[in-house]
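# Structural overview for review
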Amino acid sequence: MERNRCRWADPTSELYTAYHDQEWGRPEHDDCKLFEMLILEGFQAGLSWITILKKREAFRRAFDGFNPAAVAEYGPEKFDALMNDPGIVRNRRKIEASAQNARVFLNIQREFGSFDRYLWGFTNSQVILNTDDQVRASSELSDRVSADLKRRGMKFVGTVIIYSFLQAVGVVNDHETGCWCYPHPNQQP
């Protein structure tokens, strides 16, 4: 039996359907995974998400498994090496921003105990469930998170990128109401 999915989840792409079914919109609390998604969303700016998904394993390899402490130490030699890596998106501004963002990420971890606590603090640890199937690119929440991350020194964290990040890590659940992943009352797991 075919499952109903959100319209964006191309049923002909196993990569897209696996991402949709297993990750997107599911509450994430692991700091390393949150860092990965924050960096990938920044690289996605101006590109399609499928492009990033296809390069995800190469990104993981190139960015030391998205270890924020390792990425925070990147400098000119590593930037040059990444610019020569055909497996990733080679945009110097985004590459350099990833190191800056890692340093800010680590500062947030020190201040709040974890990035998870910082991020989920914006919603008092509650998932924002949208119930109207409206396609959104930003929200008041993404505006606030984006402004705070920028104030702290992060780059490539505009409100549209942050809204996509919030969707990806499940702070915002934007699964369409007809999608099998949408949390209906009395739904059996």
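All of the points below concern the structure found in this document. Just so it is clear, the model here is predicted, and its values are computed rather than measured. (Residues numbered from 1 in each chain as written. Predicted model: local features only at pLDDT ≥ 70, side-chain atom pairs only at ≥ 80, totals over all residues. Heavy atoms only, no water.)

## A short note on the side chain of S114
In this structure, S114 sits in the loop between α6 (92-112) and α7 (115-121). Looking at S114, its side chain comes within polar contact range of the main-chain nitrogen of R117, at 2.9 Å. (Helix = DSSP H or I, 4+ residues; strand = E, 2+ residues; numbered from the N terminus. Polar contact = N/O pair within 3.5 Å; in protein donor to acceptor, adjacent residues only side chain to side chain.)

## What about the pattern of salt bridges?
Applying the stated criterion to the full structure yields 16 salt bridges. Measuring nitrogen to oxygen at the nearest pair gives 2.4 Å for the salt bridge that ties E57 to R60. Taken together, the residues E57 and R60, both in helix α3 (residues 49-62) and 3 residues apart, mark about one turn of the helix. E111 is the partner of R152 in a salt bridge, and the nearest nitrogen-oxygen pair spans 2.8 Å. Taken together, the residues R152 in helix α8 (residues 140-152) and E111 in helix α6 connect sequence positions 41 residues apart. Three or more residues are tied together by salt bridges with common partners; here these are E23, K33, E36, R56, E57 and R60. (Salt bridge = Lys/Arg side-chain N within 4 Å of Asp/Glu carboxyl O.)

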